[in-house]
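One letter stands for each residue in the lines below.
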Amino acid sequence: MLALQGDFEAHRRLLEELGAAVREVRVPADLDGLDGLVIPGGESTTMTLGIEREGLAGPLRELIGAGTPTLGTCAGLIMLDRDHLGLLEVTAARNAFGRQVRSFEERLDLDGVGDGIEAIFIRAPWATEPGADVEVLAAVDGHAVAVRQRDVLAVSFHPELNGERRLHGWLLQRIAARRAAAGPRPQATAGGSP
Amino acid sequence: MAHVSRGVRERSIGRVKQEGTFAVKSGLAEMLKGGVIMDVVTAEHARIAEAAGACAVMALERVPADIRVAGGVSRMSDPTKIEEIQAAVTIPVMAKARIGHFVEAEVLQALEVDYVDESEVLTPADEANHIDKWQFTVPFVCGATNLGEALRRIGEGAAMIRSKGEAGTGNVVEAVRHMRQIGGEIRRLGTLDEAELPTAAKDLQAPLPLVRDVAKAGRLPVVMFSAGGVATPADAALMMRLGAEGVFVGSGIFKSEDPARTAAAVVEATTHFQDAERIAAASRNLGAPMTGIGMDAIAEQGGLLQERGW
């Protein structure tokens, strides 16, 4: 779980409730041996500068590029897009729904993840120009707010803030599936993994 | 936030967009966690703060150290200044309104600032009442010196709390006092049984449902930052170690010798607050921090700002 800045504690609570062992990532060495990754909500400018300062961009690209299941929320979506880490074939439009007074809640259905998800949008981005491998799972006012590219899921809203477990459940499920496909291996300690 | 279930009004949500819910208001504070919010007076300051990694800026007409020296009545910033700052950066822009001055708050909401700070740093407009913050779509942050004050503000609708400290001093002693006070009172609530909570609420002069929430959760129902006197990277890390979820730095940045480097160093120390080597690295060769003043000297300069608000 990337822990440079933002609401990573809320992600930790959810993941631990789901039985995962969680590690906070602030420097590249923290990434060693992770089976999954969460990039939390926060301020995307602060997070971008933090990734730069810590030299995390290369190691994150390597880890996620190798197929490590990843969940990004809000600023996490921005970090993953083609203008930042380049791991998700979308371009995020920052603060696209407007300033804080335009922040909102809305109920959403996410294809393949769950229906009736109560989604909290805070100065939220949306995703534009999805590439061929990107599946748009949900939209608000015609704008993509949930996208998936293989095992990378990114959303504009914050399931971590209201105890919505299904997105984190999806992440843990993908980690388990990837492990099963790789065959038996020793129990790993991992950020965002059981 | 799931744990704001009792005592804080919530609206149920449906298929249509709901703006200004408490989840949305307190949620922005969640996004700011682990970050540094910097006081800025001009667009140029705001750019420096953003480039250094600030997670938000606070627009005000003068930094607290200058307010302290200038005396007189201190008010909300000129809307033009706020708009210039909003145009200069993409991070959230907060602005201060006087305690009880709900029209200044309405003006700031109309300007679409991201957070209103109902602040003791400005001259209070109402000596009895704070703003009824439930009436607003824009979220509020308020200062507190103790748990009762924090819970009264949350009861009035504040979606974020900052321990007050003593603004404009460059002296962290009051920030430490208030953070320890609030933390200690929260821990004490956790030791009480249900029958003891109504008396605790009476003693704290705080709403009982919120007292119950705190006793159960062991934390405030909203995010709490520290403020008022942070001047160095080590000061910021100290406040994080004492339980702050982020820090406000006022005069400490732009009253230092090298604001850009000081700002970046405070951000770095706030992220790595548990790593003394990283704090040491961030603290090297920053030039002089703001001068700072002792609490005994403050009486001569108009007294303590923290005593404003009740």
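Here is what the cut-offs are and how they apply
- Residues numbered from 1 in each chain as written.
- Chains lettered and ligands numbered in written order.
- Predicted model: local features only at pLDDT ≥ 70, side-chain atom pairs only at ≥ 80, totals over all residues.
- Heavy atoms only, no water.
- Contact = heavy atoms within 4.5 Å.
- Buried area = accessible area lost by both parts, 1.4 Å probe.
- Salt bridge = Lys/Arg side-chain N within 4 Å of Asp/Glu carboxyl O.
- Polar contact = N/O pair within 3.5 Å; in protein donor to acceptor, adjacent residues only side chain to side chain.
- Helix = DSSP H or I, 4+ residues; strand = E, 2+ residues; numbered from the N terminus.
- Nonpolar A, V, L, I, M, F, W, Y, C, P; charged D, E, K, R; others polar.
- Pairing = 2+ DSSP bridges.
- Buried < 20%, exposed > 50% of the residue type's maximum accessible area, 1.4 Å probe, protein only.
- pLDDT = per-residue confidence, 0-100.
- Phe/Tyr/Trp six-rings, centres within 6.5 Å; stacked < 30°, edge-to-face > 60°.
- Lys NZ or Arg CZ within 6 Å of the ring centre and 35° of its normal.
- Axes fitted to C-alpha atoms, helices over the stretch in contact; angles between N-to-C directions.
- Parallel < 35°, antiparallel > 145°, perpendicular 65-115°, else oblique.
- Lys, Arg positive; Asp, Glu negative; His and termini not counted.

Trainee: Explain the interface of chain A and chain B residue by residue, including any values.
Mentor: Every contact between the two is made by 41 residues of chain A and, on the other side, 46 residues of chain B. Roughly 3,600 Å² of surface becomes buried between chain A and chain B when both sides are summed, with 52% attributable to carbon and sulfur atoms. Our enumeration of links across chain A and chain B arrives at 4 salt bridges. One salt bridge in this structure joins B:Asp114 and A:Arg123, with 3.1 Å as the shortest N-O distance. Where chain A meets chain B, there are 20 residue pairs in polar contact (both at pLDDT 80 or more). When contributions to the side of chain A that touches chain B are tallied by element, the ones reaching two or more residues are helix 1 (8-17), helix 2 (44-54), strand 4 (104-110) and strand 5 (114-121) of chain A. Among the residues forming the side of chain A that touches chain B, the class breakdown is 12 nonpolar, 11 polar and 18 charged.

Trainee: Could you give an account of the sheet that holds strand 1 (residues 18-19) of chain B, with specific residues and numbers?
Mentor: Taken in spatial order, the 3 strands of this open sheet run 5(A)-4(A)-1(B), and their pairing is antiparallel. Since the sheet does not close on itself, it has two edges, and those belong to strand 5 of chain A together with strand 1 of chain B, each with one partner. Relative to strand 1 of chain B, strand 4 of chain A is paired through 2 bridges, and the arrangement is antiparallel. The partner of A:Phe104 across the bridge, within strand 1 of chain B, is B:Glu19.

Trainee: Just give me the short version of the pattern of salt bridges, but keep the residues and values in it.
Mentor: Going through the model one piece at a time under the given rule, you end up with 36 salt bridges over all chains. Across the salt bridge formed by B:Glu61 and B:Arg62, the nearest N and O atoms sit 3.8 Å from each other. For B:Arg62, a relative accessible area of 26% corresponds to the partly exposed category. Among the salt bridges present, the one from B:Asp117 reaches B:Lys96, with a minimum N-O distance of 2.8 Å. Note that B:Asp117 is positioned in strand 5 (residues 115-119) and B:Lys96 in strand 4 (residues 93-98), a separation of 21 residues in sequence. Take B:Asp117 and B:Lys96: they sit in the same class, and that class is buried. When salt bridges that share partners are traced, they join A:Glu9, A:Arg12, A:Glu16, A:Glu24 and A:Arg26 into one network.

Trainee: I'd like to hear about the confidence of the model for chain B, residue by residue, with values.
Mentor: Low-pLDDT stretches of the model should not have their predicted coordinates read in fine detail. Mean pLDDT over chain B works out to 92, with 94% of the residues at or above the 70 mark. Predicted confidence is poor over residues 1-14 of chain B, with pLDDT under 50, and the contacts of this stretch with residues over four places away or in other chains come to 44 contacts.

Trainee: Explain the pairing of strand 7 (residues 135-140) of chain A residue by residue, including any values.
Mentor: Residue and element names in this part refer to chain A. The pairing of strand 7 with strand 8 (residues 143-149) spans 5 bridges and is classified as antiparallel. The residue of strand 8 that forms the bridge with alanine 138 is alanine 146. What sits between strand 7 and strand 8 in their antiparallel hairpin is a turn of 2 residues, with aspartate 141 showing a positive phi close to 55 degrees.

Trainee: Describe the environment of A:Gly72, and please don't skip the residues or the numbers.
Mentor: Residues and elements named next belong to chain A. Position of glycine 72 relative to the elements: it lies in strand 2 (residues 70-73). The spatial distance from the C-alpha of glycine 72 to the C-alpha of alanine 154 is 4.5 Å, given a sequence separation of 82 residues. In contact with glycine 72, not counting residues within four places along its chain, are Ile39, Leu77, Leu80, Leu153, Ala154 and Val155.

Trainee: Run through the packing of aromatic side chains, naming residues and quoting values.
Mentor: Applying the stated rule across the entire model yields 8 aromatic pairs over all chains. Residues A:Phe97 and A:Phe104 carry aromatic rings whose centres are separated by 5.1 Å and whose planes lie at 70 degrees to one another, so their mutual orientation is edge-to-face. Here A:Phe97 matches A:Phe104 in class, with each residue buried. Both rings, one in A:Phe104 and one in A:Phe121, keep their centres 4.5 Å apart while their planes meet at 15 degrees; by these two values the pair is stacked. Of this pair, A:Phe104 sits in strand 4 while A:Phe121 sits in strand 5; the two residues are 17 residues apart in sequence, bridging distant segments of the chain. Ring pairs connect the aromatic residues A:Phe97, A:Phe104, A:Phe121, A:Trp126 and A:Phe157, which therefore count as one cluster. Over the aromatic face of A:Phe104 sits the side chain of B:Lys17, whose NZ or CZ is 4.6 Å from the ring centroid.

Trainee: Outline the side chain of B:His272, supporting the account with residue identities and numerical values.
Mentor: With respect to the helices and strands, B:His272 occurs in the loop between helix 12 (259-271) and helix 13 (276-283). Looking at B:His272, its side chain comes within polar contact range of the side chain of A:Glu54, at 2.7 Å. One polar contact links B:His272 to B:Arg278, side chain to side chain, over a distance of 3.3 Å. Excluding anything up to four places from it in sequence, B:His272 contacts A:Arg26, A:Val27, A:Arg53, A:Glu54, B:Arg278 and B:Ile279.

Trainee: An account of the packing of helix 10 (residues 233-241) of chain B against helix 13 of chain B is requested, with residue identities and associated values reported.
Mentor: Residue and element names in this part refer to chain B. With their axes 9 Å apart at the nearest point, helix 10 and helix 13 run at an angle of 150 degrees to one another. On the basis of their axis angle, the class for helix 10 and helix 13 is roughly antiparallel. Side by side, helix 10 and helix 13 meet where Pro233, Ala234 and Ala237 of the first sit next to Ile279, Ala282 and Ser283 of the second. Here the contact of helix 10 with helix 13 is composed, by residue class, of 5 nonpolar, 1 polar and no charged.

Trainee: Could you give an account of the side chain of B:Asp235, with specific residues and numbers?
Mentor: Residues and elements named next belong to chain B. Positionally, aspartate 235 belongs in helix 10. Lacking a salt bridge, the buried aspartate 235 has arginine 241 as its closest oppositely charged neighbour, with an N-O distance of 13 Å. Not counting chain neighbours up to four residues away, the residues in contact with aspartate 235 comprise Val172, Gly229 and Val230.

Trainee: How would you explain helix 2 (residues 43-52) of chain B if you had to name every residue and give the values?
Mentor: What helix 2 of chain B keeps buried is the set B:Ala43, B:Ala46, B:Ala49, B:Glu50 and B:Ala52. For helix 2 of chain B, the elements touching its buried residues are helix 2 of chain A together with strand 2 (36-40), strand 3 (56-59), helix 4 (79-88) and helix 12 of chain B. Of the residues trailing helix 2 of chain B, B:Gly53 is marked for its positive phi of about 105 degrees.

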